[in-house]
Amino acid sequence: MCLTIPAKVISVEDSGDNLPLKRITIRDSRGERSITALFEDIRAGDWVLYASDMAVEKISEDDAREILELLEPRSHIDISRLDSVFLEILKACHTRELRREEIIRLLHASEGVEMEALLSEANTIRQARLRDFFCIHGIIEFSSHCVRNCLYCGLRRDSNDIQRYRMRPDEIVNSVYDAVNRRGYKLIVLQSGDDFYYTDDMLCDIIRKIKEKCRVFIFMSVGERSRTSYEKMKDAGANGVLFRFETSNKAIYNSIHPGQSYDERIALLLEMKKLGYFIATGFLIGLPGQTVEDIADDIITIKSLGANMVTVGPFIPSDVTPLALHPAGSAAMTLKVTAISRLLTPKAKIPVTTALETIENEAGRKLGLSSGANALMFNLTPEKYRGDYMIYPNKYHGKEEFWEKYGLYKEELSYKMLEKKMSEAFEE
Ligand code: 5AD
C-alpha cells in the first residue's frame, strides 16, 4: 500500500451543489495546494491524509504530528563546513553519472557534517523526484528449507539444529488474500530458501490462484531456478523478483557460496530483466574481506542491472553458521549506501531492510526513511512460522499497526499509483 501524508486543511471551497467530492486547500511542508477530498464532512482546521492529490480520510492532529515527525526533512546542514571536493560530488550527481572514485569518496563520508550532508541530499532528492511517495510492502516467508550452503545464512543446508517448515500452497494463497483483502497490501514478496519441493507447477498454481482473486503485485524470491522456471512464473502472473547478487566481488562471492557461480547469478538476473520482471536486487554490507571499493562496485552493479528496487542490508552473524564470529555490517555504511543509491537512481524504490531495523530498531526505520529510502517491508509470515525463518537471529518486528493505519487502502487508486511508480523507476 502507499503511505498517505498528513496535511492541515486551510479552506474548503463551497461547490454549492452538494457534490460528494470537495475541493480543499491544504498546507504541508511544500506549501499550500488545492486537492480533492474523497469525503464530505470536512472543515478548515481539520487534518487529513492525502495521496496523489486526493484527501483520503480525516485524522486527529496528534496522529498527524506523529507521522510528520518521521517524514519531515532533516534540518538544514551548514555546507560551508564541507570539504569542497565532497560538496562538488554532491552537486555533480544532479547533472551527470558519478564516477567510481567519487562514489568511493562519498562512502568515506566522515561521521558528522559529511554524513549529514549526504543523507540530507538523498532525502531532498527523494522528496523532489518522488514527492511524498512511500510504500509499505509485505513479505511472506513460506519455506525455510534450502539446498544451498551460503556461509552467512542461518537457513543453509548444513544448519542441522534448526526447525524447518514449509507452508502448504493453500496456506500461502490464503495468507496473501488476507494481506491484500483485509490489510490493504498491494505488493507481496513470496520468499523461501532454494527449495525444490515446490515444483514450477506448484509455484505457478499459487501465483494464478492469488491473481484470480486479488489485485496485487507478486514478487518471487525463491532463489536460483532455471530461466524456464522464471518464464513460467512470469506467464502465471508474477510481476517481480527479489534476487540479490549479494556481492559483486567474485572472489568473495565464490568463497561464501560453495558450489555457486557469480556469473551464473548475474546471467540469471539479466534473463529475469529480459523476461519483463521488475528487478529488486542488491547486496550485503560487512561480508568478510569486503572493502569500500567493493561496495562502490556493488552500487555500480545495481545501476548497471537497471534495478527497479534496491535492497541492501548489513550482514548479521548467525550462531549456526561458519560466520558466527564475524562482526555485523555497519548501520552507518548501510545508510550511506542507501543515500548514494538514491543519488544514482533517483526514482528507484528503496526499502528500509529488516536487517537495518534489526541492528538499529525503530530508529533504523526512521533513519532509513530520512536518508533516501521510500518503502518499508513488513513481515506477514504467519505467526506460527515466523520464529523459524532464522536467516539471522532476533529479526526486527516493529510497530506495523502504527504504520498500517496511514496506508492507502482505496483499491484502484493505490494499485494504480504503485503501477505508475513501478514503471517509472529507473526511467530518466
Ligand atoms: N545477515 C543479513 N542478511 C542475510 N541474508 C542471508 N543471510 C543473512 C545474514 N546473516 C540475506 C541475503 C539473502 C536474503 C534473503 O537474506 O542477502 O539474499
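Nothing here was measured: the structure is a model prediction, and the numbers come from that model. (Residues numbered from 1 in each chain as written. Predicted model: local features only at pLDDT ≥ 70, side-chain atom pairs only at ≥ 80, totals over all residues. Heavy atoms only, no water.)

### Details of the sheet that holds strand E2 (residues 5–12)
Here is step 1: Sheet architecture is closed into a barrel: five strands sit in the order E2-E3-E4-E6-E5, paired in mixed fashion. Neighbour-to-neighbour, the strand axes of the sheet open up by a mean angle of 55°, direction not taken into account. (Pairing = 2+ DSSP bridges. Helix = DSSP H or I, 4+ residues; strand = E, 2+ residues; numbered from the N terminus. Axes fitted to C-alpha atoms, helices over the stretch in contact; angles between N-to-C directions.)

### Topic: helix H4 (residues 113–130)
For an α-helix, the turn length of 3.6 residues means that residues three or four places apart are oriented alike.
Here is step 1: In this model H4 runs 25 Å from its N-terminal to its C-terminal C-alpha over 18 residues, within 8% of the 26 Å that 1.5 Å per residue would give.
Here is step 2: With 14 of its 18 residues buried, H4 lies for the most part within the structure. (Expected span 1.5 Å × (residues − 1). Buried < 20%, exposed > 50% of the residue type's maximum accessible area, 1.4 Å probe, protein only.)

### A closer look at the site of the ligand
Here is step 1: Around the ligand, the neighbouring residues are Tyr152, Cys153, Gln191, Arg244, Glu246, Leu284, Pro314, Phe315, Ile316, Ile391 and Tyr392.
Here is step 2: For the ligand, a nitrogen atom lies 2.9 Å from a polar atom in the backbone of Tyr152.
Here is step 3: Residue Ile316 places a main-chain N or O atom 2.7 Å away from a nitrogen atom belonging to the ligand.
Here is step 4: For the ligand, whose unbound accessible area comes to 400 Å², protein coverage reaches 88%.
Here is step 5: Given that more than half its atoms are within 2 Å of the pocket grid, the ligand belongs to the largest cavity.
Here is step 6: For the shell around the ligand, the residue count by class is eight nonpolar, one polar and two charged. (Near = heavy atom within 4 Å. Polar contact = N/O pair within 3.5 Å; in protein donor to acceptor, adjacent residues only side chain to side chain. Areas by Shrake-Rupley, 256 points an atom, 1.4 Å probe, with all protein chains shown as cover. 1 Å grid on protein atoms, 1.4 Å probe; cavity = no way out; pocket = protein on both sides within 12 Å on 5 of 7 lines; lining within 4 Å. Sits in = over half its atoms within 2 Å of the grid points. Nonpolar A, V, L, I, M, F, W, Y, C, P; charged D, E, K, R; others polar.)

### Things to note about helix H7 (residues 227–236)
Here is step 1: Buried within H7 are the following residues: Ser229, Tyr230, Met233 and Ala236. Seen end-on, H7 carries its buried residues on one side only, within an arc spanning 120°.
Here is step 2: Looking at the buried residues of H7, the elements they touch are helix H6 (200–213), strand E9 (217–221), strand E10 (240–242) and helix H9 (262–274).
Here is step 3: In the segment just after H7, Gly237 is the residue with positive phi, at about 125°. (Arc of directions from axis to C-beta. Contact = heavy atoms within 4.5 Å.)

### Remarks on the domain arrangement of the protein chain
Here is step 1: Entries for the protein chain in the domain assignment read domain 1 (2–68), domain 2 (79–128) and domain 3 (134–427).
Here is step 2: Taking only C-alpha atoms into account, the centre of domain 1 sits 34 Å from that of domain 3.
Here is step 3: In this complex, domain 1 contributes 14 residues to the contact, which on the side of domain 3 involves 13 residues.
Here is step 4: Where domain 1 meets domain 3, there are zero salt bridges.
Here is step 5: Here domain 1 is connected to domain 3 by zero residue pairs in polar contact (both at pLDDT 80 or more).
Here is step 6: At the level of elements, strand E1 (2–3), strand E5 (47–51), strand E6 (54–59) and helix H1 (61–71) are the ones that each hand at least two residues to the side of domain 1 that touches domain 3. (Domains from an automatic or database assignment. Salt bridge = Lys/Arg side-chain N within 4 Å of Asp/Glu carboxyl O.)

### Re the side chain of His137
Here is step 1: Here His137 shows up in strand E7 (residues 134–143).
Here is step 2: Side chain to side chain, His137 and Lys349 meet in a polar contact 3.2 Å long.
Here is step 3: In contact with His137, not counting residues within four places along its chain, are Tyr185, Leu187, Lys349, Ala375, Leu376, Met377, Phe378 and Leu418.

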